[in-house]
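Single-letter residue listing:
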Amino acid sequence: GVAGGLGLFIFGMKLMAEGLQKAAGDKLRRILELLTFNRYIAVITGIIITVLVQSSSTTTVMVVGFVNAGLMSLSQAVGTILGANIGTTVTAQIIAFKITELALPAIAIGVVMSFFLRRRLYRHVGQAILGFGLLFLGMSTMGGSLSALKDNPAFIEMFATFGQYRLLGVLAGALFTAMVQS
């Protein structure tokens, strides 16, 4: 359950980011240029983009690409990347609101839009919605599978060890973050 949920989560994140990038395309590039002229607005833009694509890494990679292409200045990029990091926190808060109940309806809507609508823009938006649904279905699956471990003595002992040896906890967190890319 955990591995399958993690797979759905990562695949959903990838599908959603690709769908949003395809749907926005050059428009996203123009919007970023307009919304990053001011450092404060750049931070807000980074937050919004990260909440939409569910990945500060994706936002950062896009911004670095825009800087390399000469579409953004370094100061615009710094503000947007700071916003992306704040957006990660906002995303975690959204997850705390039990939005997982929307996973199956989002998957259904995303499939209909992706496979049955003719306009390319609607298909790409459908792909993003499908990815959103898969992401939250994966999180729900992982949560359900891990809830059985909360009473497992070996699992509890492992986390108690992380509490005693903080460096071990940081390394485990870094390893898990690298595995799920978020």
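Visitor: It is not clear to me how the nonpolar core should be interpreted in this structure. Could you clarify?
Guide: A general tendency of soluble globular proteins is for nonpolar side chains to be buried together. Residues L6, F9, M13, M16, A103, A128, L135, F136, M139 and M142 constitute the largest nonpolar core, which totals 10 residues. With five residues, the top contributor of residues to this core is helix α6 (residues 120–147). Listed in part, the seven residues of the second largest apolar core include I49, M62, V63 and M72.

Visitor: What's the story with the side chain of Q76 in this structure? I'm lost.
Guide: Relative to the helices and strands, Q76 is located in helix α4 (residues 74–96). On the accessibility criterion, Q76 (14% relative accessible area) is buried. Side chain to side chain, Q76 and T36 meet in a polar contact 3.2 Å long. When near neighbours in sequence (up to four residues on either side) are disregarded, Q76 contacts E33, T36, F37, A42 and L71.

The rules behind each value
- Residues numbered from 1 in each chain as written.
- Predicted model: local features only at pLDDT ≥ 70, side-chain atom pairs only at ≥ 80, totals over all residues.
- Heavy atoms only, no water.
- Core = buried A, V, L, I, M, F, W, Y, C linked by side-chain atoms within 4.5 Å.
- Buried < 20%, exposed > 50% of the residue type's maximum accessible area, 1.4 Å probe, protein only.
- Helix = DSSP H or I, 4+ residues; strand = E, 2+ residues; numbered from the N terminus.
- Polar contact = N/O pair within 3.5 Å; in protein donor to acceptor, adjacent residues only side chain to side chain.
- Contact = heavy atoms within 4.5 Å.

None of this, on its own, says anything about what the molecule does.
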